[in-house]
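The primary structure of each chain is shown beneath.
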Amino acid sequence: MVSISEIEERILQTLSEKGPQLGKELAFAMSDIPVLALWQACFRSQSFLISHFASYYLRYDITREDQVRLSPSILRDFLSFTLFGLPGQREQMIERQGSLSNLHREISREKIALAQSAMKAVFLKLTRETRSQLCAFIAGDLAYFLAHNEPREHAASGEMVKGSDVDIVIILSDALPEDVKETIDAEMVRLKSIYLRHPDYRQEIDFITKRQSVMERQFGYGDIHDKIASKIAYESMFLGGSLTLYMEVREAMSRLGVDKLIEGDFDHALKDRKNAMRKLLHVDASNIDDETRSLFYFSQERVEFS
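Side note on the overall build of the protein chain
- Assigned secondary structure in the protein chain consists of 12 helices and 11 strands.
- Considered along the principal axes of its C-alpha atoms, the protein chain spans approximately 65 × 40 × 35 Å.
- Every one of the 306 residues in the protein chain was classed for burial, and the buried ones make up 50%.
- Of all intrachain contacts in the protein chain linking residues separated by at least 6 positions in sequence, the fraction that spans at least 24 positions is 75%.
- Of the roughly 15000 Å² of accessible surface on the protein chain, a fraction of 51% belongs to carbon and sulfur atoms.
- Charge-centre separation for the protein chain: the mean point of 39 positive side chains lies 3 Å from the mean point of 47 negative side chains.

Encoded structure:
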């Protein structure tokens, strides 16, 4: 087995030859090294400049008794959002981090524009009066400008899609008739299929429509589904429709105190993250149990709208 010191020497050589590298670039250059051992070598060493440029947000892991986590995961943060360099490469580090941060921002903006196009198509099916009684917002990593375009397999269809999905929540006034909801759902299903399968897009859109009263009931923060729904609204970015209705939803979060509960869960998840990283620094990378492995590798849980 290759020792941590030997891995560190190889990292030093790679950085010296290629300049500042993301975790995934180091992993590609040293594909024979287990990624946890590579992570350990990077973070145990005092020889590297390290720059993180992710924003962290809360998620609930239903595969581990609804435990709160931070996203990106420790592994995803290492691979995609952490840059390593040598002390003499500080200017290169600053320049490259700026470029990488801007890349994620541009990808996010493109996906947000796609969401806007989808909502425009929906709005064309509705009257002005109807549009004044609904709002739509963006959630997930797009709201934090952390979207990526790395190819991945769509779980339901097996189609290859471009990176982060586009999560849209549509809130309807309780006064709107049910046939309006049916019209919106039908149009969103049609657009979802187009954006998924058309070769010019290959984008996954996830959506849910719900009544304002349902959204506010979920701010009770009772079960895991309420917590996920509340967290999605908390991190949301206004997309279209009635800004007044959207602000009523945001005001309800403050009035009912759910924003404070979410922030408390975030603080708890942040402490768990720090403890997990301390633990992972010194485990045997070739022989770890499932519990320890789950602290590092991607969770099987994905955001489920409810």
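Considerations on helix α4 (residues 74-81)
- Buried residues dominate α4, accounting for 7 of its 8 residues.
- Along α4, the positions that sit buried rather than exposed are I74, L75, D77, F78, L79, S80 and F81.

Some details on the pattern of salt bridges
- Scanning the entire structure with this criterion turns up 15 salt bridges.
- R255 is paired through a salt bridge with E216; the nearest N and O atoms lie 3.8 Å apart. Taken together, the residues span a long stretch of sequence, with R255 in helix α10 (residues 243-256) and E216 in helix α8 (residues 212-218) at a distance of 39 residues.
- R255 gets classed as partly exposed once you look at its relative accessible area, which sits at 49%.
- Accessibility expressed as a relative area gives 24% for E216, which makes it partly exposed.

Remarks on the side chain of R273
- The topology assignment puts R273 in helix α11 (residues 258-280).
- A residue is classified by how much of its surface remains accessible, and R273, at 10% relative accessible area, is buried.

Topic: the environment of S254
- Positionally, S254 belongs in helix α10.
- Taking the C-alpha atoms as reference, S254 lies 9.7 Å from F219; in sequence the two are 35 residues apart.

Comments concerning the sheet that holds strand β6 (residues 134-139)
- Ordered by their spatial adjacency, 4 strands build an open sheet running β10-β9-β6-β11, and the pairing between neighbours is mixed. Here the strands that pair on one side only, and so sit at the sheet edges, are β10 (205-211) and β11 (237-241). Adjacent strand axes in the sheet meet at a mean angle of 25° when their direction is disregarded.
- Where β6 and strand β9 (residues 166-172) come together, 6 bridges link them in antiparallel fashion. Bridged to I138 within β9 is I168.
- Each of β6, β9, β10 and β11 touches helix α5 (residues 90-123); the most contacted strand, β11, lies at about 25° to it.

Concerning the sheet that holds strand β1 (residues 21-22)
- The strand order β1-β5-β2 describes an open sheet built from 3 strands, whose pairing is antiparallel. In this open sheet, the two edge strands, each paired with only one partner strand, are β1 and β2 (49-52).
- With 2 bridges joining them, β1 and strand β5 (residues 82-85) adopt antiparallel strand pairing. Residue pairing across strands places L22 opposite L83, the latter belonging to β5.

Some points on the packing of helix α1 (residues 4-18) against helix α3 (residues 35-44)
- Contact geometry of α1 with α3 gives a least axis separation of 9 Å together with a crossing angle of 75°. With respect to α3, the axis of α1 lies roughly perpendicular. Residues I4, I7, E8 and I11 of α1 form the contact with α3, whose own contacting residues are A37, L38, Q40, A41, C42 and R44.
- Across the contact of α1 with α3, the residue classes tally to 7 nonpolar, 1 polar and 2 charged.

Details of the environment of E106
- Looking at the secondary structure, you find E106 in helix α5.
- Once the C-alpha coordinates of E106 and F145 are considered, the two residues, 39 residues apart in sequence, prove to be 8.1 Å apart.

Scoring rules and cut-offs
Residue numbers here run from 1 along each chain, matching the order of that chain's written sequence. Local features in this predicted model are restricted to residues of pLDDT 70 or higher, and side-chain atom pairs are both shown and tallied only at a pLDDT of 80 or more, whereas totals for entire chains, interfaces and linings draw on every residue. Only hydrogens and water are set aside; all other atoms, that is, all heavy atoms of the structure, feed into the side-chain values. In this description a helix means any DSSP run of H or I spanning at least four residues, a strand means any run of E spanning at least two, and both kinds are numbered starting from the N terminus. Relative accessibility decides the category of a residue: with a 1.4 Å probe and only protein chains considered, values under 20% of the type maximum give buried, values over 50% give exposed, and everything between is partly exposed. Working rule for contacts: check all heavy atoms of both residues, and any pair within 4.5 Å makes them a contact. For every accessible area listed, the method is Shrake-Rupley and the probe measures 1.4 Å; residues are considered covered only by the protein chains on display. Positive residues here are Lys and Arg, negative ones are Asp and Glu, while His and the chain termini are left out of the count. The atoms used to mark charge sites are NZ of Lys, CZ of Arg, CG of Asp and CD of Glu. What counts as a salt bridge is simple: a side-chain nitrogen of Lys or Arg found within 4 Å of a carboxyl oxygen of Asp or Glu. Think of it this way: DSSP has to see at least two bridges between two strands before they count as a pair. Helix axes are fitted to C-alpha atoms over the stretch in contact, other axes to C-alpha atoms as well, and angles between N-to-C directions run from 0 to 180 degrees. Relative orientations are named as follows: roughly parallel for angles under 35 degrees, roughly antiparallel for angles over 145 degrees, roughly perpendicular for angles from 65 to 115 degrees, and oblique for any other angle. As a working rule, the residues Ala, Val, Leu, Ile, Met, Phe, Trp, Tyr, Cys and Pro are called nonpolar, Asp, Glu, Lys and Arg charged, and the rest polar, with Gly in that last group.

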